[in-house]
Amino acid sequence: MNNTPGPWRLGLNGAVVTDNDVGHDNAETRAWYGGNVICESVTESNARVIIACPELLTAVDLFLDRMNRFGYWEDGCFYYGGKSASEFEEVISRATEAIDKAEGK
């Protein structure tokens, strides 16, 4: 993915920031917001969700990798551990859609 790597954190003045280079901030901006700006003018509750995004994407990507490594699809049904696990179908689909959305697909 091409997003700014985490960790992201709550900065100053309603911003979500990182210590990683984002390619557009200067020293004055970093001082005002307390880091390199990911986004600004965000409520604290929304900021917590935004801050978690890099870790959530990594976790979902890892989940999909493990499910596909240790499970398989056959005749439209997902099998995990040698047993039919159709209850994973919606979870896998939603996780895949979330990753695709984050990647702009």
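Residues numbered from 1 in each chain as written. Predicted model: local features only at pLDDT ≥ 70, side-chain atom pairs only at ≥ 80, totals over all residues. Heavy atoms only, no water.

Novice: Would you mind going over the overall build of the protein chain with me for this structure?
Specialist: Broken down by element type, the protein chain carries three helices and six strands. When the helices and strands of the protein chain are read in sequence order from the N terminus, they spell out β-β-α-β-α-β-β-β-α. The globule rule puts the C-alpha radius of gyration for 105 residues at 13 Å, and the 18 Å found for the protein chain is more than 25% above it. In terms of overall dimensions, the protein chain has a C-alpha envelope of 60 × 25 × 20 Å along the principal axes. Here the protein chain holds 105 residues, and the buried ones make up 27% of them. Surface accessibility of the protein chain: about 7,200 Å² in total, with carbon and sulfur atoms responsible for 52%. Positive and negative charge centroids in the protein chain, built from 9 and 17 side chains respectively, lie 4 Å apart. (Helix = DSSP H or I, 4+ residues; strand = E, 2+ residues; numbered from the N terminus. Rg over C-alpha atoms; globule rule 2.2 N^0.38 Å. Buried < 20%, exposed > 50% of the residue type's maximum accessible area, 1.4 Å probe, protein only. Areas by Shrake-Rupley, 256 points an atom, 1.4 Å probe, with all protein chains shown as cover. Lys, Arg positive; Asp, Glu negative; His and termini not counted. Charge placed at Lys NZ, Arg CZ, Asp CG, Glu CD.)

Novice: Sorry, what's going on with the pattern of salt bridges here?
Specialist: If the charged atoms of two oppositely charged side chains come close together, the side chains can form a pair. Within the structure shown, the criterion is met by six salt bridges. One salt bridge connects aspartate 19 with arginine 9, and the closest N-O pair in it is separated by 2.7 Å. You can see aspartate 19 sitting in the loop between β2 (16–18) and α1 (27–33) and its partner arginine 9 sitting in strand β1 (residues 8–10), a full 10 residues away along the chain. Here glutamate 44 ties to arginine 48 by a salt bridge, and the two come within 3.7 Å at their closest N and O atoms. Of this pair, glutamate 44 and arginine 48 both sit in helix α2 (residues 44–70), four residues apart, which is roughly one turn of that helix. Arginine 48 shares its class with glutamate 44; the two are exposed. Residues joined in a network through salt bridges with shared partners are Asp65, Arg66 and Arg69. (Salt bridge = Lys/Arg side-chain N within 4 Å of Asp/Glu carboxyl O.)

Novice: Teacher, can you tell me more about the packing of aromatic side chains here?
Specialist: Aromatic ring pairs are defined here through the distance separating the ring centres and the angle between the ring planes. Per the stated rule, a full pass over the model turns up three aromatic pairs. Relative to tyrosine 79, the ring of tyrosine 72 has its centre 5.3 Å away and its plane inclined at 15°; by these criteria the two rings are stacked. On the accessibility criterion, tyrosine 72 (40% relative accessible area) is partly exposed. (Phe/Tyr/Trp six-rings, centres within 6.5 Å; stacked < 30°, edge-to-face > 60°.)

Novice: Teacher, can you tell me more about helix α3 (residues 88–102) here?
Specialist: Along an α-helix, a turn takes 3.6 residues, which lines up residues three or four apart on a common side. Over its 15 residues, α3 extends 21 Å from the first C-alpha to the last, a length consistent with the 21 Å expected when each residue adds 1.5 Å. Of all the residues in α3, the buried ones are Ile92, Ala95 and Ile99. Taken down its axis, α3 places every buried residue within 65° of arc, on the same side. The exposed residues of α3 that point more than 90 degrees off its buried face are Glu90, Arg94 and Lys101. Glycine 104 sits one or two positions beyond α3 and adopts a positive phi of about 75°. (Expected span 1.5 Å × (residues − 1). Arc of directions from axis to C-beta.)

Purely spatial values, then, with no claim about function.
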